[in-house]
Amino acid sequence: MDDLQTAIRNFYICYDLLNRLCWGGRLPLCLLGFSKRMRRAWATAGVDCKIRFNAPMCARTSDVHILMIMAHEMTHIWQFSQGRCGGHGKDFYGEM
């Protein structure tokens, strides 16, 4: 349990750091969580300001890759905070 709590705390620290560095702290606070049910996606972001990470896949990759996944999902949060639809259009790639 301590490992899970440490992992969650570290994810929030990383979210805050990326938010400050990349978006000037303008992104809303999001609920971060893990899912064992995801099949193909590394993570998902929703209009409800929740980012869910695929726990089994994240357990098998590097910290750098997880940060890249988080930045990707945070870009979707940026889209939603701007009143835009999610997706991988011009606005997404421009912000990435």
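In the block above lies the structure referred to throughout.
Here is what the cut-offs are and how they apply
- Residues numbered from 1 in each chain as written.
- Predicted model: local features only at pLDDT ≥ 70, side-chain atom pairs only at ≥ 80, totals over all residues.
- Heavy atoms only, no water.
- Salt bridge = Lys/Arg side-chain N within 4 Å of Asp/Glu carboxyl O.
- Buried < 20%, exposed > 50% of the residue type's maximum accessible area, 1.4 Å probe, protein only.
- Phe/Tyr/Trp six-rings, centres within 6.5 Å; stacked < 30°, edge-to-face > 60°.
- Helix = DSSP H or I, 4+ residues; strand = E, 2+ residues; numbered from the N terminus.
- Expected span 1.5 Å × (residues − 1).
- Contact = heavy atoms within 4.5 Å.

What about the pattern of salt bridges?
Argument step 1. What the rule picks out here adds up to 3 salt bridges.
Argument step 2. Where Asp 48 meets Arg 52, a salt bridge forms, and the shortest distance between an N and an O atom there is 3.6 Å.
Argument step 3. Residue class for Asp 48 comes out partly exposed when judged on its relative accessible area of 42%.
Argument step 4. For Arg 52, a relative accessible area of 31% puts it in the partly exposed group.
Argument step 5. Between Arg 84 and Asp 91 there is a salt bridge; the shortest N-O distance is 3.8 Å.

A closer look at the packing of aromatic side chains
Argument step 1. Inspection of every chain in the model, using the stated rule, returns 4 aromatic pairs.
Argument step 2. For the ring pair Phe 11 and Phe 53, a centre distance of 4.8 Å and an interplane angle of 80° mean the geometry is edge-to-face. Of this pair, Phe 11 sits in helix H1 (residues 2-23) while Phe 53 sits in strand S3 (residues 50-54), placing them 42 residues apart in sequence. Each member of the pair Phe 11 and Phe 53 is classed as buried.
Argument step 3. Between the aromatic rings of Phe 34 and Phe 53, the centroid separation amounts to 6.3 Å while the plane-to-plane angle is 45°, which identifies the pairing as tilted.

With respect to helix H3 (residues 63-81)
Argument step 1. The end-to-end C-alpha separation of H3 is 26 Å, in line with the 27 Å expected for 19 residues at 1.5 Å each.
Argument step 2. For H3, every residue scored as buried is listed here: Ile 66, Ile 69, Met 70, Ala 71, Glu 73, Met 74, Thr 75, His 76, Ile 77, Trp 78 and Gln 79.
Argument step 3. In the core, the buried residues of H3 are packed alongside H1, strand S2 (43-45), S3, helix H2 (55-59) and helix H4 (90-95).

By themselves, these observations are geometric and do not establish any function.
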